[in-house]
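Coordinate inspection notes
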Amino acid sequence: MRAQVLLCPTITAYGRLYCAPRRLHRYNSSSSSSQFLNLNLSRFSGALFFHMEQFQSGTGSSGKRGMVENLKRYGVISSKRVAQVMEALDRGLFVPVGSSAYVDTPVPIGYNATISAPHMHATCLQLLEDKLHPGMRALDVGSGTGYLTSCFALMVGAEGRVVGVDHIPELVDMSIKNIEKSVAASFLKKGSLSLHVGDGRKGWQEFAPYDAIHVGAAASEIPQPLLDQLKPGGRMVIPLGTYFQELKVIDKNEDGSIKVHTETSVRYVPLTSRVEQLGGF
Ligand code: SAH
């Protein structure tokens with residue numbers, strides 16, 4: 001069956017895409033990966049509002065700076081540390097050659113996966129910022145290109161520990177090559193950042209417990225091993241759902257109890273088995 005993707009036809013003067021439900025039209029896509037866009041769909045004043053600023057600010061450092069400036073202008077980034085990290089790490093090194101590195105859109109990376117849109121990376125960094133101080137530990141499940149994993153490594157520094165897990169070996173190899181070209185290379189070399197092939201639904205016990213856990217693919221339910229590997233006082237950000245998905249923020253209290261809140265509506269690639277992903281879900 002062909003996927004149906006809702007696209008928004010209206011671009012405002014600010015370059016932000018808005019659309020009221022009446023103006024939505026359906027677009028038939030034959031690409032299975034395009035069903036899952038890794039973006040933020042949120043309800044705004046009763047209208048469906050796609051946070052997809054179509055900004056393009058050239059390439060190289062001016063492109064990165066333009067991307068971060070726009071994310072700040074639209075209120076996605078409010079933290080100086082998040083802005084600094086996203087400016088320092090060149091997204092251009094993590095997207096396939098020839099794709100738009102600094103446009104706020106997800107980009108296919110092969111194997112039915114995408115690198116998330118910059119606003120999603122920024123949103124997750126903002127939500128986890130307080131758990132990404134120097135010396136802290138972070139787990140990135142579904143690490144894909146390694147972009148967000150590297151942002152975590154820059155934030156927790158050499159005394160911290162960051163682990164990325166993806167179940168596609170080719171993506172893990174690619175992420176390591178991407179990181180080796182980036183400002184996060186020294187963390188990889190010194191061992192405070194590592195990327196592993198594995199089923200992220202099991203987490204990564206070796207370096208648990210984690211102050212921050214990010215899941216970059218949508219789970220149908222919260223995997224128990226991830227809850228177990230979250231430190232008391234720690235926070236997990238995870239998209240939950242199948243077709244309709246919500247970004248959940250899970251805080252583990254010091255007594256081990258759990259508090260969950262919904263941040264926004266999103267659209268992510270599923271957290272699934274390798275066979276199902278390679279078969280197109
Ligand atoms: N956050 C990454 C990739 C997002 S795409 C980025 O922005 O670059 C989602 C990723 O989750 C894909 O790379 C996919 O291979 C991975 N994934 C899906 N199910 C998984 C599982 N069970 N275990 C590990 N990785 C998984």
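Residues numbered from 1 in each chain as written. Predicted model: local features only at pLDDT ≥ 70, side-chain atom pairs only at ≥ 80, totals over all residues. Heavy atoms only, no water.

The subject of this paragraph is the packing of helix α3 (residues 118-128) against helix α4 (residues 147-156). What describes two packed helices is the angle between their axes and the distance between those same axes. Between α3 and α4, the least distance of the axes is 11 Å, while the angle of their chain directions is 35 degrees. As for the relative orientation of α3 and α4, their crossing is right-handed in sense. Residues H121, C124, L125 and L128 of α3 form the contact with α4, whose participating residues are Y147, L148, C151, F152 and M155. (Axes fitted to C-alpha atoms, helices over the stretch in contact; angles between N-to-C directions. Helix = DSSP H or I, 4+ residues; strand = E, 2+ residues; numbered from the N terminus. Left-handed = near helix turned anticlockwise from the far one by under 90°. Contact = heavy atoms within 4.5 Å.)

With that settled, consider the site of the ligand. Around the ligand lies a shell of 24 residues, among which H121, T145, D166, G200 and T272 are the nearest. At 3.3 Å, a backbone N or O of H167 approaches a nitrogen atom of the ligand. Here a nitrogen atom of the ligand and a backbone polar atom of G200 are 2.8 Å apart. For the ligand, whose free accessible area comes to 570 Å², the fraction covered by protein is 100%. Ranked by residues supplied to the shell around the ligand, first place goes to strand β8 (residues 113-115) with 3 residues. Of the residues belonging to the shell around the ligand, the class tally is 7 nonpolar, 14 polar and 3 charged. (Near = heavy atom within 4 Å. Polar contact = N/O pair within 3.5 Å; in protein donor to acceptor, adjacent residues only side chain to side chain. Areas by Shrake-Rupley, 256 points an atom, 1.4 Å probe, with all protein chains shown as cover. Nonpolar A, V, L, I, M, F, W, Y, C, P; charged D, E, K, R; others polar.)

A separate point is the pattern of salt bridges. According to the stated counting rule, one finds 7 salt bridges in the structure shown. Between E246 and K248 there is a salt bridge, with the nearest N and O atoms lying 3.0 Å from each other. (Salt bridge = Lys/Arg side-chain N within 4 Å of Asp/Glu carboxyl O.)

Grouped together as the largest cluster of nonpolar side chains are 50 residues, with contacts concentrated most on M86, L125, L132 and L193. Counting residues per element, this core draws most heavily on α4, which supplies 7 residues. Those residues in contact with L132 that lie beyond four places of it in its chain are R81, L125, A138, F152, M155, V156 and A212. Membership of the second largest hydrophobic core comes to 19 residues, among which are W204, F207, L226 and I250. (Core = buried A, V, L, I, M, F, W, Y, C linked by side-chain atoms within 4.5 Å. Buried < 20%, exposed > 50% of the residue type's maximum accessible area, 1.4 Å probe, protein only.)

What follows concerns the environment of K231. Among the structural elements, K231 can be located in strand β13 (residues 230-241). C-alpha separation for the pair K231 and A212, spaced 19 residues apart in sequence, amounts to 8.1 Å. In this structure K231 touches P209, Y210, D211 and K252, once residues within four positions along its chain are discounted. Of the polar contacts made by the side chain of K231, one reaches the side chain of D211; its length is 3.3 Å.

We now examine the side chain of H121. Mapped onto the secondary structure, H121 falls in helix α3. Excluding its chain neighbours within four sequence positions, the residues that come into contact with H121 are M86, R91, I115, S116, Y147 and L148.

Okay, the pairing of β13 next. Counting buried residues along β13, 9 of its 12 residues qualify, which places the element largely inside the surrounding structure. Taken together, the 7 bridges between β13 and strand β14 (residues 245-252) define a ladder with antiparallel strand orientation. Looking at β14, one finds that I238 is bridged to K248. Connecting the antiparallel pair β13 and β14 is a turn made up of 3 residues. (Pairing = 2+ DSSP bridges.)

Another point: the environment of L127. One can find L127 in helix α3. Taking the C-alpha atoms as reference points, L127 and H214, 87 residues apart in sequence, are found 9.9 Å from one another.

On to the packing of aromatic side chains, then. All told, the structure shown has 2 aromatic pairs when counted by the stated rule. Pairing Y243 with F244 gives two aromatic rings, centres 5.5 Å apart and planes at 75 degrees, and the pair type is edge-to-face. (Phe/Tyr/Trp six-rings, centres within 6.5 Å; stacked < 30°, edge-to-face > 60°.)

Moving on to α3. It helps to recall that an α-helix has 3.6 residues per turn; residues three or four apart then point in one direction. In terms of burial, α3 is a largely internal element, 11 of the 11 residues being buried. Those residues of α3 not exposed but buried are P118, H119, M120, H121, A122, T123, C124, L125, Q126, L127 and L128.

Next up on the list: α4. With 9 of 10 residues buried, α4 is to be regarded as a mostly interior element. Regarding α4, the residues found buried are Y147, L148, T149, S150, C151, F152, A153, M155 and V156. In the stretch just after α4, G157 is the one whose phi turns positive, near 75 degrees.

Summary statistics for the protein give a mean pLDDT of 83 and a share of 78% for residues scoring 70 or more. Residue range residues 1-35 is modelled with pLDDT below 50. Its contacts to residues more than four positions away, or to other chains, number 70 contacts. Below a pLDDT of 50 lies the segment residues 43-61, which in the model reaches 63 contacts outside its immediate sequence neighbourhood of four places, other chains included. (pLDDT = per-residue confidence, 0-100.)

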